[in-house]
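Commentary on secondary and tertiary structure
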Amino acid sequence: MFSQKVVDVGGVKIGGKYPIVIQSMTNTDTSNVEKTLLQIERLKNSGAQIVRVSVRSKDDIQPFSEIVKKAKIPLVADIHFDYRLAIESIKAGASKVRINPGNIGSDVKIREIVKVAKDYNVTIRVGSNSGSIAKEFSDLPRHKALAESALKEVSLLEKEGFYDIVVSVKSVDAKETFEANKYLSGLIPYPFHIGVTEAGVFEDAVILSSAGLGSLLINDIGDTIRISISGDPLREVELAKDLLIALGLKKGLRVIACPTCARTEIDVESLAYEVKRILKGKEVKKNITIAVMGCVVNGPGEAKHSDIAIVGTKNGSAAIFLKGELYGTIKRNDIKEKLFEVIEVFQNS
């Protein structure tokens, strides 16, 4: 079940029946305002709806304040150790703060953060990951230890009468991430921020995140996501969008293709990549699945479950099917024009 509680992060609703929110995090030096703002803008234009920024010391507060004023997207201040940084970040305009109560210190310090968050109507994200399991839960199975550690942090905020909470439980293991969030989902009403932490470089992150996040989202767990990738955070947003589209949780274009066999009459891989390139960035009003098939023997039949199909033939042309019915035959050079045409026909049907 998706969360019952809805929180507002700078005008972006998270939880309840609202669409899954895509997040990412800057990896620029926060003190470099211009460079950080440029990356935030790129992330926004790519589809991120919320961006997290590290606030490492008091020296980051002034540039963070300037970044908040100029950014056209809600920003989350990422805080560790010093509770005063959370307070000053909220005052500087953060729409949400991410804290780890375990390294913030005493309940008094948590109370001070909560007091300011209430005054400024700012959401707080708490949780646990593989490196922040509370010692008292170390004898439990790891997924339960992760979940119980997060519950402990939630209880610290609830004790202060604070309920604008987002909870995050992440592991470096996809199955453990699933089990921890599944366990926790039946115990609290708050929105879940999901992800697999330290997922690695792109190809490894694709596998781990698809397994970990996909299994959760299929089970209706998760309200906002970040796919962690070592490197350019823009790829995190692009992969998150692709995952949500593949699961039918976001409107978009999905290109599928046959695995090829001896009957294949065209270079399916090349054509599929060409179609993806043609469609990159195209906005649509519906979820649309486009199939690229390699022959006329099985192509039309196997592609009936798709909305649009492109089926290759020996002479270099291709047949286009719309909802399983032949729409027309085209030359390779005319694919873009005809594909855009049939997409519009499908959207208006």
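Procedures and definitions
Residues numbered from 1 in each chain as written. Predicted model: local features only at pLDDT ≥ 70, side-chain atom pairs only at ≥ 80, totals over all residues. Heavy atoms only, no water. UniProt positions renumbered as here; feature names shortened; annotations may be inferred. Axes fitted to C-alpha atoms, helices over the stretch in contact; angles between N-to-C directions. Helix = DSSP H or I, 4+ residues; strand = E, 2+ residues; numbered from the N terminus. Parallel < 35°, antiparallel > 145°, perpendicular 65-115°, else oblique. Left-handed = near helix turned anticlockwise from the far one by under 90°. Contact = heavy atoms within 4.5 Å. Nonpolar A, V, L, I, M, F, W, Y, C, P; charged D, E, K, R; others polar. Core = buried A, V, L, I, M, F, W, Y, C linked by side-chain atoms within 4.5 Å. Buried < 20%, exposed > 50% of the residue type's maximum accessible area, 1.4 Å probe, protein only. Pairing = 2+ DSSP bridges. Salt bridge = Lys/Arg side-chain N within 4 Å of Asp/Glu carboxyl O.

If you check an unreviewed UniProt entry, the protein chain appears there as 4-hydroxy-3-methylbut-2-en-1-yl diphosphate synthase (flavodoxin) from Petrotoga olearia DSM 13574. UniProt's Function (unreviewed entry) comment on the protein chain is quoted here verbatim: "Converts 2C-methyl-D-erythritol 2,4-cyclodiphosphate (ME-2,4cPP) into 1-hydroxy-2-methyl-2-(E)-butenyl 4-diphosphate." Of the protein chain, the UniProt comment under Pathway (unreviewed entry) reads exactly: "Isoprenoid biosynthesis; isopentenyl diphosphate biosynthesis via DXP pathway; isopentenyl diphosphate from 1-deoxy-D-xylulose 5-phosphate: step 5/6."

**Observations concerning the packing of helix 1 (residues 33–46) against helix 2 (residues 61–70)**
Closest axis-to-axis distance for the helix 1/helix 2 pair is 10 Å, and the angle between their directions is 40°. It follows from the interaxial angle that helix 1 and helix 2 lie oblique. Helix 2 is crossed by helix 1, and the crossing has right-handed handedness. Contacts between helix 1 and helix 2 involve Val-33, Thr-36, Leu-37 and Ile-40 from the former and Pro-63, Glu-66, Ile-67 and Lys-70 from the latter. Tallied by class, residues from the contact of helix 1 with helix 2 come to five nonpolar, one polar and two charged.

**What to know about the nonpolar core**
Counting 68 residues, the largest nonpolar core has Leu-75, Ile-99, Ile-124, Val-167 and Leu-184 as its most contacted members. Not counting chain neighbours up to four residues away, the residues in contact with Leu-75 comprise Ile-40, Val-51, Val-53, Ile-67, Val-68, Ala-94, Ser-95 and Lys-96. Membership of the second largest hydrophobic core comes to 31 residues, among which are Ile-278, Val-284, Ala-318 and Leu-339.

**Some points on the sheet that holds strand 11 (residues 253–257)**
Strand order in the open sheet formed by five strands is 11-12-13-14-15, and the pairing between neighbours is mixed. The sheet is open, and its two borders are formed by strand 11 and strand 15 (325–331), each paired with just one other strand. Geometrically, the sheet is characterised by an average inter-axis angle of 20° between neighbouring strands, direction not taken into account. The pairing of strand 14 (residues 317–322) with strand 15 spans six bridges and is classified as antiparallel. Paired with Ser-317 across the bridge in strand 15 is Lys-331.

**A look at the sheet that holds strand 10 (residues 224–225)**
Sheet architecture is closed into a barrel: eight strands sit in the order 3-4-5-6-7-8-9-10, paired in parallel fashion. Sheet topology note: the strand 8 (residues 165–170)/strand 9 (residues 192–194) ladder contains two bridges and is parallel. Counted as the bridge partner of Ser-168 is His-193 from strand 9. Contacting strand 7 (123–129) and strand 8, helix 6 (residues 142–159) runs over the sheet at an angle of about 155° to strand 7.

**What to know about the pattern of salt bridges**
One pass over the full model with this rule turns up 16 salt bridges. Between Lys-70 and Glu-66 there is a salt bridge, with its nearest N and O atoms 3.2 Å apart. Here the residue Lys-70 and the residue Glu-66 both occupy positions in helix 2, the gap between them amounting to four residues, near one helical turn. What makes Glu-66 partly exposed here is its relative accessible area of 27%.

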